[in-house]
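Now for the letters of each chain:
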Amino acid sequence: MPSVAFKQYSDDVSLLVLLLDTNPLFWSNTSITFSQFLSHVLAFLNAVLGLNQLNQVIVIATGYSSCDYIYDSSLTSNHGNFERSGTGMPPLFASLLKKLEDFVTKDEELSREEGHEDRTPSCLLSGSLSMALCYIQRVFRSGHLHPQPRILCLQGSPDGPEQYVAVMNSIFSAQRLMVPIDSCYIGVQNSAFLQQASYITGGVHHTPKQLDGLFQYLTTIFATDLHSRGFVQLPKPIGVDFRASCFCHKKTIDMGYICSVCLSIFCEHHKKCSTCGSVFGQSKLDEASSVSDKKRKAPHT
Amino acid sequence: MAGEQVEKRGVKYKSSIKDPGTPGFLRINEVMLLFVPNDPKSDSKLKLQTKNIKSHKYTKEGSNKPPWLYLTTYQGRNHIIEFENYSDMHTCRDFVAALLKSDEEPKKAAVTTSTEQLSIKELELRFKLLKENSELQRLHKQFVESKVLTEDEFWATRKKLLGKDSIRKSKQQLGLKSMMVSGIKPSTDGRTNRVTFNLTPEIIFQIFAEKPAVRQAFINYVPSKMTEKDFWTKYFRAEYLYSTKNTAVAAAEAAEDEELAVFLKPDEILARETRQKIRRVDPTLDMEADEGDDYSHLMDHGIQRDGTMDVVEPQNDQFKRSLLQDLNRHAAVVLEGRSIDVDSEDTRIVAEALTRVKQVSKADGETTKDANQERLERMSRVAGMEDLQAPQNFPLAPLSIKDPRDYFESQQGNVVNVPRGAKGLKRNVHEAYGLLKDSIVEIRATGLSDPLIKPEVSFEVFSSLTRTISTAKNIIGKNPRESFLDRLPKSTKDEVLHHWTSIQELLRHFWSSYPITTPYLHTKVGKLKDAMSNTYSKLDAMKESVQSDLRHQISLLVRPMQQALDAAFQHYEADLQRRTAKSSDGERPNGYV
């Protein structure tokens, strides 16, 4: 997907914003454990950073009640002397994991405070997409030379239909900024949001079948920078699930009513649009006799 | 009637008996008679509306006269058409006779045959549209020429195309000549002392446009004080005096003859107009006019019209005109273009029309007192320098940033969900978070798993991805945004698209003919139905003929077309049945077949 190409100093520099799903309700019942998942992801990040010296990686954690920036490879404080908590982790990612742990603690507190409205066990995709786009916008305004940004969404939680409007808004902003949203969905059901996001912005969507080969999927499909995507064939989904959720009940619907002024979607007939306030006229289906009835009446006179 | 129209080549058109005749091509149809000469340069083209033909006569076959057909119109003009042989003449004569007879019949013919008077212009327009738009031409050929639709029905739905075009065809205006009026040289007769000027309406128009004083004088003096001829004589006398550069004589004659003086003086009206223009200009905006426009008073350009540089006595200053003045004035008028459309030969009308135009433009430009005031204020405001002004403290308006939560919360509405025990959820969440944190701690301790990924797994992933990519490529094509149509061979694609447009056209006419109230509509529907069945079978044939890998997609594309046709057929059948059932009942309401 070509982006603002004239601002490039080198074609294949990429800025990858990774949206990591840390929804505990999802991770508590999956085939792959969170630590295995993390090791695949961290190795993948390392690989991306190794592809080009100027590549940048940003990680945003998508939690249950909040989102936060976890890691930014362009900040030099990461490489500083960090106390080695064990022999295992390379210092590059020690700060990432520390921040992740802090984030999870905070998220837990927030979800406890929030009370317990019943909602689907979804992660806060809209929030992290917005944060990613804000970061990218800042990069755009930073100067002439900057890498081509793209967003990679690693998610397993199902879609939350109450976030439909916000997610669609972020997707359209990404389309406007010409930032492709790739998505890798590791959950069970299908995510309509992610499919639509990738389709609209020109990114790649894939659902890996084998989760223990996740690293292979990530490096094969999602590591290519935007310039090279012109020469490389990536798997594209055959169809896209374009279902929307209605604005009144947040249910996913196939057929519904649409306001002709603001294009809000409703599942049942309303007198007035709740978004823009326009009054709807009477439906044409209510009108009586069809033309053929009238015609039949004429000869009898 | 003998036929729709008659066309003949090798005819000659004569406007009178003595005229040798121009060879050309003749076409007569119901509405119009058109004769086009073979030689495009000759201008004896003839276009007649057949309703104007009053009577016709013809030369007899047995006589030794050539085969002529005389046509007389209601306007009293006679046209003679000479044919190559008598049989041609007879066919034309019969056609014209039939036309004349039918014209006399009262027009209670079927409402449906169109009685539009097609002007030649409209026919030309239609022709041009067909030529430009090949798709339209194809449709036209397919339907109108195979008599499925008549010409008028075809164009009835395309009124927008016709209407818009005709606006574009307004006549192009002729501009003004760049030859200057004062450059008109008279013809002199050496023997007698006479100088002859030639005056055409074009020149009159230019004189009036360039010299408003002359125009004003014309309106004032003619016909009250002098005839037009006298007026122009005086004018040209003044011109002659100018050309002789004899300012003394000019002054003398001006003193005698007051009308002549008008022509010799500098143009007052012009000077007034330019002064007004200068006043109106907003110096902060643009320099539309400045004092240099008042060129009649700039005496420092000393070159006279004939290129000499004489010194003139001051009191005779006003009787001199310089070349630059003339040039400037002429150029200004030419650039303005023709401000009026009056094509009349009457000088007075031209003069009055020009005056009216100038008055209107003056009235538009006149500024009232208030407007003037406002202009002055604006000028002073714009001309002010910011850093010399006193500091202005504008009152700050507070930002009103709406609370974004309003928007999102109004969307929440009633969120319906499966109710769960609150306590149970809390426990679940807490547990889940605990698990998550444990994972993180674990990975911090142990580091990345080693080996990260098993080679067999890796290989499986690769092979499945390759399979996915290759199958997707076969089904969708390299670019998922590319439509299926682009992958078809060009001829098939064109055919599919053409079928689509022709089906649309047919269906439009079909559905608009219902309910059937006249026999005309009945026949029309019948014809349409035949055409539609034709197209249906063509679609089937296309589906068969296409390659096997594209067949499925083609049938998907074609399906909606066939469904639409099926719906139309069903309606037709149902209607037919209803009609026959009713007629078999014995009811015969008027108008039904």
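Residues numbered from 1 in each chain as written. Chains lettered and ligands numbered in written order. Predicted model: local features only at pLDDT ≥ 70, side-chain atom pairs only at ≥ 80, totals over all residues. Heavy atoms only, no water.

Peer 1: Can you tell me about the overall build of chain A, naming the residues and giving the values?
Peer 2: The helix and strand inventory of chain A stands at 8 helices and 10 strands. Evaluated residue by residue, chain A yields a buried proportion of 54% over its 301 residues. Split by element, the accessible area of chain A, about 13800 Å² in all, is 55% carbon and sulfur. (Helix = DSSP H or I, 4+ residues; strand = E, 2+ residues; numbered from the N terminus. Buried < 20%, exposed > 50% of the residue type's maximum accessible area, 1.4 Å probe, protein only. Areas by Shrake-Rupley, 256 points an atom, 1.4 Å probe, with all protein chains shown as cover.)

Peer 1: Which residues make up the overall build of chain B, and what are the values?
Peer 2: Of regular secondary structure, chain B possesses 20 helices and 9 strands. Burial statistics for chain B: of 593 residues in total, 33% are counted as buried. Pairs at least 24 apart in sequence give 56% of the contacts found in chain B among residues at least 6 apart. In the form shown here, chain B has an accessible surface area of approximately 38200 Å², with 53% of it arising from carbon and sulfur atoms. (Contact = heavy atoms within 4.5 Å.)

Peer 1: With reference to specific residues and values, describe the sheet that holds strand β2 (residues 22-29) of chain B.
Peer 2: Residue and element names in this part refer to chain B. Strand order in the open sheet formed by 7 strands is β4-β3-β2-β1-β7-β6-β5, with antiparallel pairing between adjacent strands. Strands with a single pairing partner mark the edges of an open sheet, and in this sheet they are β4 (46-49) and β5 (53-58). On average, each strand axis in the sheet is inclined to that of its neighbour by 30°, with strand direction left out of account. Note: β2 against strand β3 (residues 32-37), 5 bridges, orientation antiparallel. The residue of β3 that forms the bridge with Gly24 is Pro37. (Pairing = 2+ DSSP bridges. Axes fitted to C-alpha atoms, helices over the stretch in contact; angles between N-to-C directions.)

Peer 1: Go over the sheet that holds strand β1 (residues 14-21) of chain A with me, naming the residues and quoting the values.
Peer 2: Strand pairs in the sheet, formed through backbone hydrogen bonds, run parallel or antiparallel to each other. Residue and element names in this part refer to chain A. Across the sheet, 6 strands lie side by side as β3-β2-β1-β4-β5-β6; this open sheet has mixed pairing. On the outer flanks of this sheet lie β3 (67-72) and β6 (205-206), each paired with one strand and no other. Strand direction decides the pairing type here: strand β4 (residues 148-155) and strand β5 (residues 181-185), joined by 5 bridges, are parallel. Opposite Leu152, over in β5, you have Asp182 as the bridge partner.

Peer 1: Tell me what's going on with the side chain of A:Ser66, and back it up with residues and numbers.
Peer 2: All names here are of chain A. If you trace the backbone, Ser66 turns up in the loop between β2 (56-62) and β3. By relative accessible area, which is 12% here, Ser66 ends up buried. A polar contact of 2.9 Å, which involves the side chain of Ser66, links it to the side chain of Asp107. The contact partners of Ser66, leaving out residues within four places of it in the chain, are Ala61, Phe103, Asp107, Leu110 and Leu124. (Polar contact = N/O pair within 3.5 Å; in protein donor to acceptor, adjacent residues only side chain to side chain.)

Peer 1: Explain the pairing of β2(B) to me, using residue names and the numbers behind them.
Peer 2: All names here are of chain B. As paired strands, strand β1 (residues 5-14) and β2 are joined by 8 bridges and run antiparallel to one another. Opposite Lys12, over in β2, you have Pro23 as the bridge partner. Two successive antiparallel strands, β2 and β3, enclose a turn made up of 2 residues.

Peer 1: A description of the packing of aromatic side chains should follow, citing residues and the corresponding values.
Peer 2: One pass over the full model with this rule turns up 10 aromatic pairs over all chains. Residues A:Tyr164 and A:Phe193 carry aromatic rings whose centres are separated by 5.9 Å and whose planes lie at 40° to one another, so their mutual orientation is tilted. Here A:Phe193 lies in helix α6 (residues 192-201) and A:Tyr164 lies in helix α5 (residues 164-177), a separation of 29 residues in the sequence. Pairing B:Phe510 with B:Trp511 gives two aromatic rings, centres 5.4 Å apart and planes at 85°, and the pair type is edge-to-face. An aromatic cluster is defined as three or more aromatic residues linked by ring pairs; in this entry it consists of A:Phe26, A:Trp27, A:Phe34 and A:Phe37. (Phe/Tyr/Trp six-rings, centres within 6.5 Å; stacked < 30°, edge-to-face > 60°.)

Peer 1: Mind laying out the confidence of the model for chain A, listing which residues take part and the relevant values?
Peer 2: Close inspection of predicted coordinates is inappropriate for parts of the model with low pLDDT. Across chain A, the average pLDDT comes to 81, with 84% of residues at or above 70. Low pLDDT, under 50, characterises residues 1-8 of chain A; the stretch is placed with 16 contacts to residues that sit more than four places away or in other chains. (pLDDT = per-residue confidence, 0-100.)

Peer 1: Now, about the packing of helix α18 (residues 490-513) of chain B against helix α19 (residues 519-545) of chain B: what can you tell me, with residues and values included?
Peer 2: Residue and element names in this part refer to chain B. Relative to each other, α18 and α19 sit at 155°, their axes nearing to 10 Å. Comparing their axes, α19 and α18 come out roughly antiparallel. Crossing angle aside, the handedness with which α18 passes α19 is left-handed. Residue-level contacts link Thr492, Glu495, Val496, His499, Ile503, Leu506, Leu507, His509, Phe510 and Ser513 of α18 to Leu521, Lys524, Val525, Leu528, Ala531, Met532, Thr535, Lys538, Leu539 and Met542 of α19. Taken together, the residues of the contact of α18 with α19 sort by class into 12 nonpolar, 5 polar and 3 charged. (Parallel < 35°, antiparallel > 145°, perpendicular 65-115°, else oblique. Left-handed = near helix turned anticlockwise from the far one by under 90°. Nonpolar A, V, L, I, M, F, W, Y, C, P; charged D, E, K, R; others polar.)

Peer 1: Give a description of the pattern of salt bridges that names residues and reports values.
Peer 2: Inspection of every chain in the model, using the stated rule, returns 11 salt bridges over all chains. A salt bridge links A:Asp68 to A:Lys106, with the nearest nitrogen and oxygen atoms 3.6 Å apart. Residue A:Asp68 is located in strand β3, and its partner A:Lys106 is located in helix α3 (residues 91-113); the two are separated by 38 residues in the primary sequence. With a closest N to O distance of 2.9 Å, B:Lys437 and A:Glu108 form a salt bridge. Placement of B:Lys437 in helix α16 (residues 422-446) and of A:Glu108 in helix α3 is noted, with the two residues assigned to different chains. Taking relative accessible area as the criterion, B:Lys437 reaches 22% and is therefore assigned partly exposed. By sharing partners, the salt bridges in this structure join A:Glu108, A:Arg112 and B:Lys437 into a single network. (Salt bridge = Lys/Arg side-chain N within 4 Å of Asp/Glu carboxyl O.)

Peer 1: Describe the pairing of β4(A), and please don't skip the residues or the numbers.
Peer 2: Residues and elements named next belong to chain A. Of all 8 residues making up β4, 8 are buried, and the element is well covered by its neighbours. Neither face of β4 is left uncovered, since the one carrying Gln148, Arg150, Leu152 and Leu154 and the one carrying Pro149, Ile151, Cys153 and Gln155 both have all their residues buried. Taking the sense of rotation as the criterion, the β-α-β connection linking β4, α5 and β5 turns out right-handed. (Right-handed = clockwise from strand over helix to strand, strands pointing away.)

Peer 1: Explain helix α2 (residues 120-132) of chain B to me, and be specific about the residues and the numbers.
Peer 2: With 13 residues, α2(B) extends 18 Å between its outermost C-alpha atoms, agreeing within 8% with the 18 Å of an ideal straight helix rising 1.5 Å per residue. Along α2(B), the residues that are buried comprise B:Ile120, B:Leu125, B:Arg126, B:Leu129 and B:Leu130. (Expected span 1.5 Å × (residues − 1).)

Peer 1: I'd like a rundown of the nonpolar core, residues and numbers included.
Peer 2: Residue and element names in this part refer to chain A. Counting 53 residues, the largest nonpolar core has Phe37, Phe44, Leu45, Val59 and Leu96 as the members making the most contacts within it. Considering each element in turn, this core owes the most residues, 10 residues, to helix α2 (residues 34-51). Beyond its immediate chain neighbours, meaning those up to four positions away, Phe44 contacts Leu16, Leu152, Phe215, Leu218, Thr219, Phe222 and Ala223. Leu177, Ile200, Phe247 and Cys273 belong to the second-largest nonpolar core, a separate cluster that totals 39 residues. (Core = buried A, V, L, I, M, F, W, Y, C linked by side-chain atoms within 4.5 Å.)

Peer 1: Account for the environment of B:Ala351, naming residues and giving values.
Peer 2: Residues and elements named next belong to chain B. Relative to the helices and strands, Ala351 is located in helix α13 (residues 347-365). Sequence separation of Ala351 and Phe218 is 133 residues, and the distance between their C-alpha atoms is 7.5 Å. The contacts of Ala351, once residues within four sequence positions are left out, are Phe208, Arg215, Phe218 and Ile219.

Peer 1: Give a detailed account of the side chain of A:Arg229, specifying residues and quantitative values.
Peer 2: Along the chain, A:Arg229 turns up in the loop between α7 (214-222) and β7 (244-245). Looking at A:Arg229, its side chain comes within polar contact range of the main-chain oxygen of A:Thr224, at 3.4 Å.

Peer 1: Go over unusual backbone geometry with me, naming the residues and quoting the values.
Peer 2: Residue and element names in this part refer to chain A. In this structure, Met178 is a non-glycine residue whose phi angle is positive, near 60°. Among the secondary structure elements, Met178 is positioned in the loop between α5 and β5. Phi is positive for Leu263, which is not a glycine, with a value near 60°. By the secondary structure assignment, Leu263 is in the loop between β9 (257-258) and β10 (265-266). What makes Leu263 exposed here is its relative accessible area of 60%.

Peer 1: Break down the environment of B:Glu352 for me, with residues and values.
Peer 2: Mapped onto the secondary structure, B:Glu352 falls in helix α13. The spacing of B:Glu352 and B:Ile219 is 133 residues in sequence and 7.2 Å in space, taken between C-alpha atoms.

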